[in-house]
Amino acid sequence: MEEAARRVISVIVINEASVLSRITDLFSGRGYNITSLTVAPIPESRYSRLTIVTSGSVRVMEQITKQLHKLIPVLKVIEHADLVEKEMALVKFPISENLSDISTLCSAYNGNIVNVSEEVIIAMVADEPKRVDYFLSAVKRFHPKEIVRSGAVALER
Amino acid sequence: MQISGAQMVIEALIAENVDTIFGYPGGAIMNVYDEIYKQNSFKHILARHEQAAVHAAEGYAKASGKVGVAMITSGPGFTNAVTGLADAYMDSVPMVVISGQVPMSLIGTDAFQEIDAVGISRSCTKHNYLVTDAADLPRILKEAFYIARTGRPGPVHVDIPKDVTAQIATFDYSKPVELETYKPNINGNLRQIKKAMEAIAEAKRPLFYLGGGIINSNAGEEIRKLVQMTGIPAVETLMARGTLRFDDPLLISMLGMHGSYAANMAMSETDLVIGLGARFDDRVTGKLSEFAKNAKVIHVDIDPASISKLVNADFPIVGDLKNVATSMIEIAKTTIDKERYTPWLDTIANFNKLHPLSYKEDTVELKPQWIIQRVGELLGDDANISTDVGQHQMWTAQFYPFSRPRQWITSGGLGTMGFGFPAAMGVKVADPSRVSINFTGDGSILMNVQELMTTVEYKLPVINIILNNNYLGMVRQWQTLFYNKRHSSTDLSIQPDFVKLAEAFGGIGYRVGTKEEFDAALKDAVEKNVVAFIDVKVHRLENVMPMVPAGGSLFNMMLEYKEK
């Protein structure tokens, strides 16, 4: 069997009821993986764009692409080869942690402190998914209370 | 025209030239049934179970090539219909199934007879709709019929809340369907077709692998011509039976788990598989890594997702078979030399001689295969043949002399017991001049036996031939072969009196133990033209042979099994 590699695909769909379940049902029904999924309407159009991070062999990827195409509301499936890929993460720290250390670390990962309240600091980074991984391990020493990742979005170069 | 949602359903069905629908009423769909009552344009056949209504619509669609229509209510009405939807999805049957739903204001409240119908049908339909505004109904119904019959055909489910069927809106059915995200490719790429034809001209042992897509695209005539003019032998899948006439010298028979020795050996020895509307199903290929191991593969299919799904295609061609075959015929006229394949045909003739499809007659008990062949001798082309699922189905596929596409109606992909009787009813509606036979087993017939009532009521004389071995025969066969004869829950020694059962509904029953009795019963049933059960006691332990055990290689067939 071929190696299952990480891949990113974008799917342009008509923005209508239940279109997201059609996509996720297809993945679960046929046993394909979803590592992350983001979806939002494309401005000034009747379409939405999904970015799906998945994994599979070349054959599985070909099936995923074809099966997605077969869904009636799917306009386009783009299997990315050369892409710019970004992911966002929000992290909540206790107020007792060092604000300026966190801030410095954030700026190294294309981010900053976005909110400071009486009890917590919230930081945001936006970078390649791999680098978001690095960031999240680097901030472990600041005792993060809560982490949320957005899932990747991508554009062909 | 300002009309109600319910009236729109009627108008749409009329505009689609629907002559018959199959259904079962209930609370949420009552507005539509009220309009059905008021009209005379099409007939409604009241099945006695929603599953049967959908199978009947499938039988109608398979026999006629038209879109079958079924109508059901919400909740249990819908869930009963799911098996039919799944069956139609697996076998690419064009169908529109309309279900009632609780009113919009009650959706999501666990209302009486509420179920998330589109949520359930999503994975077993080609497409589905929940209608939230009557103004959308004309467009949705038109799209539903269009999607069902175009591309790779399939079932489309339209779920309509009760208040939407009462809502008044504008009905205009004249707008053409515009689906920018759905445009099936029907003309195969000519350059690719040419390349494929070159490969055929160069091959030494090419083999046509004919699938159900031929029937769906009405390409039977073209395929017969193509096979005849190239002189290349052909195997058929279960769904393709009838594409070539049974006596066509180039037809090797069915391949796969219960395919003939010659068909499976030909597939194992070929150097070029020419797959036409077939999908390399596991019951056909056996062990994938050993399947047609030394062959290149041409694969023509309307569904791109079927190509290179399981077996890599060297020459993928996406298109409607009728068009592609026409192009292939044109090219073949100048490029194909029939003589080239003569040695290959000799090899296949030898396979046939070595182990022809056969069975051993018994001096005491009837053999199921004999019954099937006998019906073929007596009725041949004058009958349409439906089946349920199990041993009888495989024997029918092996031994009935099919002579035309759409003569053979069976549940292939899903393998639905209980399919046969209602399907044969739909077939009779679509093709009333021919005898509608349902070969069934003593297990299958009890799933949807209630259709005795429908067929009697509407005078749809389906002749059910029950090949009765007092077993769930196919499972029993596997238990014998692979589970050391532990016949777990397959012994059906306790049975109803099938003759009395048929009579209780107003049909006619025959009990048959000899060849003479069978001939007399069939003749009488055909002459009387009534719904019939012919209960044929057959040899209890007969097995379907040859057999490729699940996951085994096609060339490793069990040819016979002797009960010890």
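Position labels on residues start from 1 in each chain and follow its written sequence. Chains carry letters and ligands carry numbers; both start at the beginning, A for chains and 1 for ligands, and go up in the order they are written. Only residues with pLDDT of at least 70 get local features here, since the model is predicted, and only at 80 or more are side-chain atom pairs given and counted; chain-wide, interface and lining totals rely on the full set of residues. Side-chain metrics rest on all non-hydrogen atoms present in the structure, leaving aside hydrogens and water.

Undergrad: Is there a simple way to think about the domain arrangement of chain A in this case?
TA: All names here are of chain A. Here chain A is described as being made up of domain 1 (5-81) and domain 2 (84-156). One C-alpha centre belongs to domain 1, the other to domain 2, and the line joining them spans 27 Å. With 11 residues of domain 1 at the interface, the matching set in domain 2 holds 9 residues. In short, buried area is how much 1.4 Å probe accessible area vanishes from two parts on joining, totalled over both. When the two sides are added together, the surface that domain 1 and domain 2 hide from each other amounts to roughly 670 Å², 49% of it contributed by carbon and sulfur. What counts as a salt bridge is simple: a side-chain nitrogen of Lys or Arg found within 4 Å of a carboxyl oxygen of Asp or Glu. At the boundary of domain 1 with domain 2, the tally comes to 1 salt bridge. A salt bridge links Arg6 to Glu85; its shortest N-O distance comes to 2.7 Å. Pairs of N or O atoms are called polar contacts if they sit within 3.5 Å, as long as, within protein, a hydrogen donor faces a hydrogen acceptor (for residues adjacent in sequence, only side-chain-to-side-chain pairs). For the pair domain 1 and domain 2, the number of links is 5 residue pairs in polar contact (both at pLDDT 80 or more). Elements that contribute at least two residues to the side of domain 1 that touches domain 2 include exactly strand S1 (5-14), strand S2 (36-41) and strand S3 (47-56). All residues other than Ala, Val, Leu, Ile, Met, Phe, Trp, Tyr, Cys, Pro, Asp, Glu, Lys and Arg, Gly among them, are scored as polar; the first ten of these are nonpolar and the last four charged. Its residues assigned to classes, the side of domain 1 that touches domain 2 comprises 4 nonpolar, 5 polar and 2 charged. Just so you know, the domain bounds were taken from an automatic or database domain assignment. Only heavy atoms matter for contacts: two residues are in contact if any of them lie within 4.5 Å across the pair. Numbering of helices and strands runs from the N terminus, with a helix taken as a DSSP run of H or I at least four residues long and a strand as a DSSP run of E at least two residues long.

Undergrad: Would you take a moment to explain helix H1 (residues 5-15) of chain B for this structure?
TA: Because the α-helix completes a turn every 3.6 residues, residues three or four places apart line up on one side. Note on exposure labels: buried denotes an accessible area under 20% of the residue type's maximum, exposed denotes more than 50%, and partly exposed covers the range between, all computed with a 1.4 Å probe on protein chains only. Turning to H1 of chain B, its buried residues number three or more, namely Gly5, Ala6, Met8, Val9, Ile10, Ala12 and Leu13 of chain B. One or two residues past the end of H1 of chain B sits Asn17 of chain B, with phi positive at roughly 60 degrees.

Undergrad: Could you clarify how one ought to interpret the environment of Ile34 of chain A in this entry?
TA: Residue and element names in this part refer to chain A. Positionally, Ile34 belongs in the loop between helix H1 (19-29) and S2. Its relative accessible area of 35% is what places Ile34 among the partly exposed residues. Distance from Ile34 to Val74, taken between C-alpha atoms, is 18 Å for residues 40 residues apart in sequence. Ignoring sequence-local partners within four residues, the contact set of Ile34 consists of Thr24, Phe27, Ile52 and Val53.

Undergrad: In this structure, what is going on with the interface of chain B and chain A? I would like to understand it.
TA: Accessible area lost upon the coming together of the parts serves often as the stated size of an interface. Opposite the 19 residues of chain B that make contact, chain A presents 18 residues. Counting the surface lost from both chain B and chain A, the interface buries some 1,600 Å², and carbon and sulfur atoms represent 47% of this. A per-residue breakdown of the area chain B buries against chain A is headed by Arg122, Glu180 and Thr181 of chain B, which together make up 39% of the total. Scanning the region where chain B abuts chain A turns up 3 salt bridges. Across the salt bridge formed by Glu180 of chain B and Arg46 of chain A, the nearest N and O atoms sit 2.4 Å from each other. Along the contact surface separating chain B from chain A lie 11 residue pairs in polar contact (both at pLDDT 80 or more). Taken together, the residues that form the side of chain B that touches chain A break down as 8 nonpolar, 5 polar and 6 charged.

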